[in-house]
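Residue-level structural notes
The lines below spell out each chain.
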Amino acid sequence: MRQTPESRIPAVQKLTDAVSGRRTTLALHATRVACGLGMLLPGNSRWRAAGSLYLGATTTLLQARHRYGSDGSDQVATQVQAVTGLARLSNSPQVKDALMWYLAIQANMSYAASGWVKMAGTKWRDGSALPGVMRTRTYGFEHAYRLTQRYPRASRAAQHAVLAMECLFPVVYLAGGRLTRPMLGAAGGFHVVNAFVMGLGRFMTAFPAMHPMVAYTAAPRTLPAVAGRDDRMVRTALALLAGGVTGAAVLATQRRARVMAGWPMSRTVTTRCGNVLEYDVGGKDLADRPVLVFNHGLASTSEHFAWIVERLAFDLGQPVVTYARAGYGPSRRVRNAPYTLRESVDDLEDLIRQALPDGRRVVLVGHSLGAELNRRTVERLGDRVAGVVYLDPTHPGQLVRSSRQRKGSELFTESLKDMARWTRLGTGALMSRPRWVQDLPYPYREKVFALYTDSRLWTAAAREWEAVHGEFRDFDADLEPVPAPGLVVAAQVTVDIDPDQLLMYHDIARAHREAGRHGEVTVVERAGHDTILSDARHARTAADLIAAFVERHCAPRTGPAAAVPAADPLEKGSEEK
């Protein structure tokens, strides 16, 4: 928990340490229980305001230790307690009304956003979401699941009713308030059912705590009780929303400009497909050394290789080329035909033939999907390929051979589609900076974050994954022999979580050995699928493994030797399995 962004602030660290002791934590919970009991007593005094504020403040304070506050119910409860506490302390009716409107708007946003997000996915629309949830161990209920199977039409009707209630919740402000009771009754019933069926007990109390504010603000001002209500908060909220949308549009425009600008020394090639690829070169132009060509993974960028490229190009002088596939970053996909993996293979072949002198040998280095695309390009380039390095690679049979990959593929499909859809609407401005971005070298962070929040990356990833999923889900053949030396650098976390991945990595190495070439698998300890690139320590280990592999199996035996690490990481410092 100390690694979370908010916990890195020194003042927050001191506060967290002060309340993280066992006795202090128990004392805080005891006072919260006493305050909660006091809040059940009748009355409308300022003590109730203090009690509400105390509960909201201590919920936030204890979040660093207990992580309550991460669920929507805890966030809603904290807001209701804090805002109603402030409203009770205020002597101004206008301030009270503004705070009540604030909670009412929050309620409308909570329901409507939840509904429209569900609507964007296919499972809620086709009626498969509820049975799927009822089968899970966390929120499932066997009896309810069996009912969904016995009465599928009723199950779909219930799901569509939930969608309608959430998406249309703001209609409480139409028809002079006559829809308020039916909508609030439906929402309250929804939470009661969830409490008993899914175990979401806190939701049953938290969300309906906003309903009185909704009822108060939805009542027509012709009623004596709300005749003097101040509704200026609505106009203020709309103005803030318009300002936020404008700010998001400006930010998205700035980030798109940064994405499309490339780097100062970037170059371009136009492939046979008409796609325009942007690439960068680095290292020393040593004619007797093969050029390392880096191919990034799905939903990734060429800048992910920053630590590895800096080690190889700047420290060891290896000539390198990095590029972005069509549709990623500044590279443009011009082709109108449906995408296939062959298109990316064609692009890579054309890039190498146009960007490098004829006959210049290359070592193809790829991460994840980029590694699989490299493997398919070897046959095209023939003797120009001096070696192939796979960094935690994709295997074409992973959806067939790995149950974990197969189960996660459907969710991954929906996630990529959602990311592409929502970022096109400008929600990239709301995305927080992932930790792995902060782990990259400093000069790359702003650019990578701009790429990560831009819709082009997610659109390209969704397009590629659709082709990958369609091709991989039925793959049951053996890999063709690869006539070049090969090195598979695996991440330990990947093979620990899914041992089938390690078997597939050995299958890739075996494809090289079947062609009479070198093929081996080595594992970088403690590295994950992404941290093998973004973590400086793991990336350096991977870079040294690549350098040693190039020196031993890809570089000519005669001529000046490039600098490599003193210790051979292929024999020491890594675990070969």
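Residues numbered from 1 in each chain as written. Predicted model: local features only at pLDDT ≥ 70, side-chain atom pairs only at ≥ 80, totals over all residues. Heavy atoms only, no water.

The subject of this paragraph is the overall build of the protein chain. Within the protein chain, the secondary structure is distributed over 25 helices and nine strands. Overall size of the protein chain, expressed as C-alpha extent along the three principal axes, is 95 × 55 × 45 Å. Taking all 577 residues of the protein chain together, 47% fall into the buried category. Surface exposure of the protein chain reaches about 28,800 Å², of which carbon and sulfur atoms provide 58%. Charge-centre separation for the protein chain: the mean point of 72 positive side chains lies 10 Å from the mean point of 55 negative side chains. (Helix = DSSP H or I, 4+ residues; strand = E, 2+ residues; numbered from the N terminus. Buried < 20%, exposed > 50% of the residue type's maximum accessible area, 1.4 Å probe, protein only. Areas by Shrake-Rupley, 256 points an atom, 1.4 Å probe, with all protein chains shown as cover. Lys, Arg positive; Asp, Glu negative; His and termini not counted. Charge placed at Lys NZ, Arg CZ, Asp CG, Glu CD.)

Here we take up unusual backbone geometry. Not every positive phi belongs to a glycine, and A175 is a case in point at roughly 55°. Inspection of the secondary structure puts A175 in the loop between helix 9 (152-167) and helix 10 (180-197). A positive phi angle is found at S368, which is not glycine, with a value near 60°. Along the chain, S368 falls in the loop between strand 5 (362-367) and helix 16 (369-381).

A few words now on the packing of aromatic side chains. Enumeration over the complete set of coordinates arrives at nine aromatic pairs. For the ring pair Y111 and F207, a centre distance of 5.9 Å and an interplane angle of 55° mean the geometry is tilted. One end of the pair, Y111, is in helix 5 (residues 93-120); the other, F207, is in the loop between helix 11 (201-206) and helix 12 (211-218), and 96 residues separate them in sequence. An identical accessibility class is assigned to Y111 and F207; each is buried. Aromatic ring contacts, followed pair by pair, group Y111, F169, F203 and F207 into a single cluster. The ring of W124 has K118 sitting right over it, with the charged end atom 5.4 Å from the ring centre. (Phe/Tyr/Trp six-rings, centres within 6.5 Å; stacked < 30°, edge-to-face > 60°. Lys NZ or Arg CZ within 6 Å of the ring centre and 35° of its normal.)

Turning our attention to the nonpolar core. Of all hydrophobic cores here, the largest spans 34 residues; its most connected members are V293, I352, V362 and V385. Top contributing element to this core by residue count: helix 23 (residues 499-513), with five residues. Setting aside anything within four residues of it in sequence, one finds V293 in contact with V321, L348, I352, V362, V363, L364 and V365. Core analysis: the second largest hydrophobic core is formed by 32 residues, A87, L163, V172 and F203 among them. (Core = buried A, V, L, I, M, F, W, Y, C linked by side-chain atoms within 4.5 Å. Contact = heavy atoms within 4.5 Å.)

On to the pairing of strand 1 (residues 267-270). Here is the key point about a regular strand: its side chains alternate between the two faces of the sheet. Where strand 1 and strand 2 (residues 276-282) come together, four bridges link them in antiparallel fashion. Note on strand 2: the bridge partner recorded for R267 is Y279. Two successive antiparallel strands, strand 1 and strand 2, enclose a turn made up of five residues, where G274 displays a positive phi of approximately 90°. (Pairing = 2+ DSSP bridges.)

Together, V33, L37 and L40 give the surface a local cluster of nonpolar side chains, amounting to about 340 Å² of exposed area. One can find L40 in the loop between helix 2 (22-39) and helix 3 (46-66). (Patch = residues over 30% accessible without salt bridge, like charges linked within 9 Å, V, L, I, M, F, W, Y side chains within 5 Å. Salt bridge = Lys/Arg side-chain N within 4 Å of Asp/Glu carboxyl O.)

Turning to the confidence of the model for the protein chain, a few remarks are in order. Overall, the predicted model of the protein chain reaches an average pLDDT of 90, with 94% of residues at or above 70. Here residues 558-577 is modelled with pLDDT under 50, and outside its nearest four sequence neighbours on either side it reaches 42 contacts, counting other chains as well. (pLDDT = per-residue confidence, 0-100.)

A complete count under the given rule lists 29 salt bridges for this structure. The salt bridge partner of D454 is R256, with a shortest N-O separation of 2.7 Å. Here R256 lies in helix 13 (residues 232-261) and D454 lies in the loop between helix 20 (442-453) and helix 21 (455-472), a separation of 198 residues in the sequence. The closest approach of N and O atoms between R311 and D544, which form a salt bridge, is 2.9 Å. Here R311 is found in helix 14 (residues 306-315), whereas its partner D544 is found in helix 25 (residues 536-554), with 233 residues between them in sequence.

Where helix 5 contacts helix 9, the two axes come as close as 7 Å, and the packing angle between them is 135°. Judged on the interaxial angle alone, helix 9 and helix 5 are oblique. Of the two possible hands of crossing, helix 5 and helix 9 adopt the one that is left-handed. Each of Y111, A112, S114, G115, W116, K118 and M119 in helix 5 lies in contact with helix 9, whose residues at this interface are L163, M165, E166 and C167. (Axes fitted to C-alpha atoms, helices over the stretch in contact; angles between N-to-C directions. Parallel < 35°, antiparallel > 145°, perpendicular 65-115°, else oblique. Left-handed = near helix turned anticlockwise from the far one by under 90°.)

Quick look at the packing of helix 9 against helix 10 now. At a closest axis distance of 10 Å, the pairing of helix 9 and helix 10 adopts a crossing angle of 125°. When the axes of helix 9 and helix 10 are compared, the pair comes out oblique. The two elements helix 9 and helix 10 meet at a crossing, and its hand is left-handed. Here helix 9 contributes V162, M165 and E166 to the contact with helix 10, which in turn contributes M183, A186, A187 and F190.

On the surface, a cluster of negative charge is made up of E379, D474, D476, D478, E480 and E514. Mapped onto the elements of the fold, E480 is located in the loop between helix 21 and strand 7 (486-491). For E480, a relative accessible area of 58% puts it in the exposed group.

The element strand 7 is extensively covered by neighbouring structure, given that six of its six residues are classed as buried. Burial along strand 7 is two-sided: G486, V488 and A490 facing one way and L487, V489 and A491 facing the other are all buried. Summarising the sheet, strand 6 (residues 385-391) and strand 7 pair through four bridges and their orientation is parallel. Paired with V389 across the strands is L487, a residue of strand 7. Direction of pairing for strand 7 relative to strand 8 (residues 519-524): parallel, over a ladder of six bridges. By the bridge assignment for strand 8, V489 is matched with T522.

Let us now look at the environment of R255. Mapped onto the secondary structure, R255 falls in helix 13. Along the chain, R255 and A429 lie 174 residues apart, while their C-alpha atoms are 9.4 Å from each other. In this structure R255 touches G428, A429, F449, A450 and T453, once residues within four positions along its chain are discounted.

In this section: the environment of W101. By the secondary structure assignment, W101 is in helix 5. Of the residues examined, W101 reaches a relative accessible area of 7% and is grouped as buried. C-alpha separation for the pair W101 and V234, spaced 133 residues apart in sequence, amounts to 7.3 Å. If we skip the residues at most four places from it in the chain, W101 touches Y173, T217, R229, D230, D231, M233 and V234.

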